[in-house]
Amino acid sequence: MPTDKLAKEMISSGLRAVITCVDPQQLPVNFAGREFNPQFLAELPAHVHPCGERGEFHTFAFDGPMFANAVNIEVGEFVERDGFGYADVLPVAQHEATLGV
């Protein structure tokens, strides 16, 4: 299956992930911290692999059909270190998630 279709199928199947790391030589650092979703795919530069298979970006999956329960997260601080851009992914306690904190 072509990977652009695979990326869209993963999203439509319910996979949810956040971009945790980007290689700024391949993708603008402002993509870090964004959700892997149709808008993300639509805004990727043409040379970037839609699944990040050439190291353009890395993700953290937090929900999907393979999960018994979603992992409650929030995106934290963004830092540039060692030539890469990183977005912190922080756990949110269940009671905080329920309260909308």
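A quick note: this is a predicted structure, and the numbers were derived from the prediction, not measured.

Analysis parameters
- Residues numbered from 1 in each chain as written.
- Predicted model: local features only at pLDDT ≥ 70, side-chain atom pairs only at ≥ 80, totals over all residues.
- Heavy atoms only, no water.
- Buried < 20%, exposed > 50% of the residue type's maximum accessible area, 1.4 Å probe, protein only.
- Helix = DSSP H or I, 4+ residues; strand = E, 2+ residues; numbered from the N terminus.
- Pairing = 2+ DSSP bridges.
- Contact = heavy atoms within 4.5 Å.
- Core = buried A, V, L, I, M, F, W, Y, C linked by side-chain atoms within 4.5 Å.
- Axes fitted to C-alpha atoms, helices over the stretch in contact; angles between N-to-C directions.

Considering the pairing of strand 1 (residues 16-22)
Part 1: Where burial is concerned, most of strand 1 is hidden: six out of the seven residues are buried.
Part 2: Pairing analysis gives six bridges linking strand 1 to strand 2 (residues 57-63), with the strands arranged antiparallel. What sits directly across from A17, in strand 2, is A61.
Part 3: The pairing of strand 1 with strand 4 (residues 84-91) spans two bridges and is antiparallel. Across the sheet, residue V22 finds its bridge partner in strand 4, namely G85.

Some thoughts on the side chain of H49
Part 1: Mapped onto the fold, H49 is located in the loop between helix 2 (38-43) and strand 2.
Part 2: On the basis of relative accessible area, H49 is assigned to the buried category, the value being 11%.
Part 3: Those residues in contact with H49 that sit more than four places away from it in its chain are T3, L44, R54, E56 and F57.

What to know about the nonpolar core
Part 1: Judged by nonpolar contacts, the single largest core of 16 residues is most densely connected at V22, L27, F36, F40, L41, L44 and F57.
Part 2: Mapped by element, the contributors of at least two residues to this core are helix 1 (3-12), strand 1 and helix 2.
Part 3: Sorting elements by how many residues they give to this core places strand 1 first, with three residues.

A short note on the sheet that holds strand 1
Two orientations exist for strands paired in a sheet by backbone hydrogen bonds: parallel and antiparallel.
Part 1: Taken together, four strands build an open sheet; the order of strands is 2-1-4-3 and the sheet is antiparallel. The open sheet has two edge strands with one neighbour each: strand 2 and strand 3 (73-81). When the angles between neighbouring strand axes are averaged without regard to direction, this sheet yields 30°.

Keep in mind these values describe shape, not function.
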